[in-house]
Amino acid sequence: MPWATSRYARAMKRHLRNLLAFCVLAVSVWMSFDGVFSDDGPIRAQAEQVACTKKKCDAQHGVTSESRSPFGQTLGFTWADATIKVHCHRAYYVFGARECAVE
């Protein structure tokens, strides 16, 4: 019966669309929690190490700006004579190790 095949195809399309929507929503929630709401102590330490490769950490310095998003985090470190911005994100934006680089 041809109508049974088209009904099955419509049902499969609907199930696949719902599954894709659920996966996108789950990844978005996970990225928001991981990037914005979770503890960023290890990320700050890693960003400070990267900033210290450009400027000596012996001098007095501090974090003067911070921006967090689901895709990454940007920190600004200021010394008496310079300001360095460091951007940290995951290697594959959703998964992978954190990578930090000077902007």
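See the structure printed just above.
Predicted model only: the values in this text are computed from it and were never measured.

1. A few points about a positive patch on the surface
For step 1, the next point in the chain: Together, Arg7, Arg10, Arg14 and Arg17 line one region of the surface with positive charge.
For step 2, the next point in the chain: By the secondary structure assignment, Arg14 is in helix H1 (residues 2–37).
For step 3, the next point in the chain: Owing to a relative accessible area of 41%, Arg14 belongs among the partly exposed residues under this scheme.

2. Details of the pairing of strand S2 (residues 72–78)
For step 1, the next point in the chain: Among the seven residues of S2, six are classified as buried, and the element is accordingly described as predominantly covered.
For step 2, the next point in the chain: Two strands pair when backbone bridges link them, and strand S1 (residues 62–69) and S2 are joined in this way by seven bridges, in the antiparallel orientation. Paired with Gly62 across the two strands is Thr78, which belongs to S2.
For step 3, the next point in the chain: Counted along the chain from S1 to the antiparallel partner S2, the turn is two residues long.
For step 4, the next point in the chain: With six bridges connecting them, S2 and strand S3 (residues 83–90) associate as antiparallel partners. Looking at S3, one finds that Thr74 is bridged to His87.
For step 5, the next point in the chain: Between S2 and the antiparallel strand that follows it, S3, lie four residues.

3. Digging into the sheet that holds S2
For step 1, the next point in the chain: Read across the open sheet, the four strands follow the order S1-S2-S3-S4; overall the sheet is antiparallel. A strand with exactly one partner marks an edge of an open sheet, and here the two such strands are S1 and strand S4 (98–102). In this sheet, adjacent strand axes meet at a mean angle of 20° when their direction is disregarded.
For step 2, the next point in the chain: Helix H2 (residues 41–54) rests against S1, S2, S3 and S4 of the sheet, and its axis sits at about 35° to S4.

4. Things to note about H2
For step 1, the next point in the chain: In a regular helix each residue adds 1.5 Å, so 14 residues correspond to 20 Å; H2 covers 21 Å between its end C-alpha atoms and thus fits that length.
For step 2, the next point in the chain: All buried positions along H2 are accounted for by Ile43, Ala47, Val50 and Ala51. Buried residues of H2, seen end-on, are gathered within an arc of 100° and therefore sit on one face of the element. For H2, exposure combined with an orientation more than 90 degrees from the buried face picks out Pro42, Gln49 and Thr53.

5. A few points about the pattern of salt bridges
For step 1, the next point in the chain: All told, the structure shown has five salt bridges when counted by the stated rule.
For step 2, the next point in the chain: When the shortest N-O distance is used, the salt bridge between Asp40 and Arg68 registers 3.9 Å. Placement of the pair is Asp40 in the loop between H1 and H2 and Arg68 in strand S1, with a sequence separation of 28 residues.
For step 3, the next point in the chain: With relative accessibility at 27%, the residue Arg68 sits in the partly exposed group.
For step 4, the next point in the chain: Several salt bridges share partner residues, and in doing so they unite Asp40, Arg44, Glu66 and Arg68 into one network.

How each quantity is defined
- Residues numbered from 1 in each chain as written.
- Predicted model: local features only at pLDDT ≥ 70, side-chain atom pairs only at ≥ 80, totals over all residues.
- Heavy atoms only, no water.
- Patch = residues over 30% accessible without salt bridge, like charges linked within 9 Å, V, L, I, M, F, W, Y side chains within 5 Å.
- Areas by Shrake-Rupley, 256 points an atom, 1.4 Å probe, with all protein chains shown as cover.
- Salt bridge = Lys/Arg side-chain N within 4 Å of Asp/Glu carboxyl O.
- Lys, Arg positive; Asp, Glu negative; His and termini not counted.
- Charge placed at Lys NZ, Arg CZ, Asp CG, Glu CD.
- Helix = DSSP H or I, 4+ residues; strand = E, 2+ residues; numbered from the N terminus.
- Buried < 20%, exposed > 50% of the residue type's maximum accessible area, 1.4 Å probe, protein only.
- Pairing = 2+ DSSP bridges.
- Axes fitted to C-alpha atoms, helices over the stretch in contact; angles between N-to-C directions.
- Contact = heavy atoms within 4.5 Å.
- Expected span 1.5 Å × (residues − 1).
- Arc of directions from axis to C-beta.

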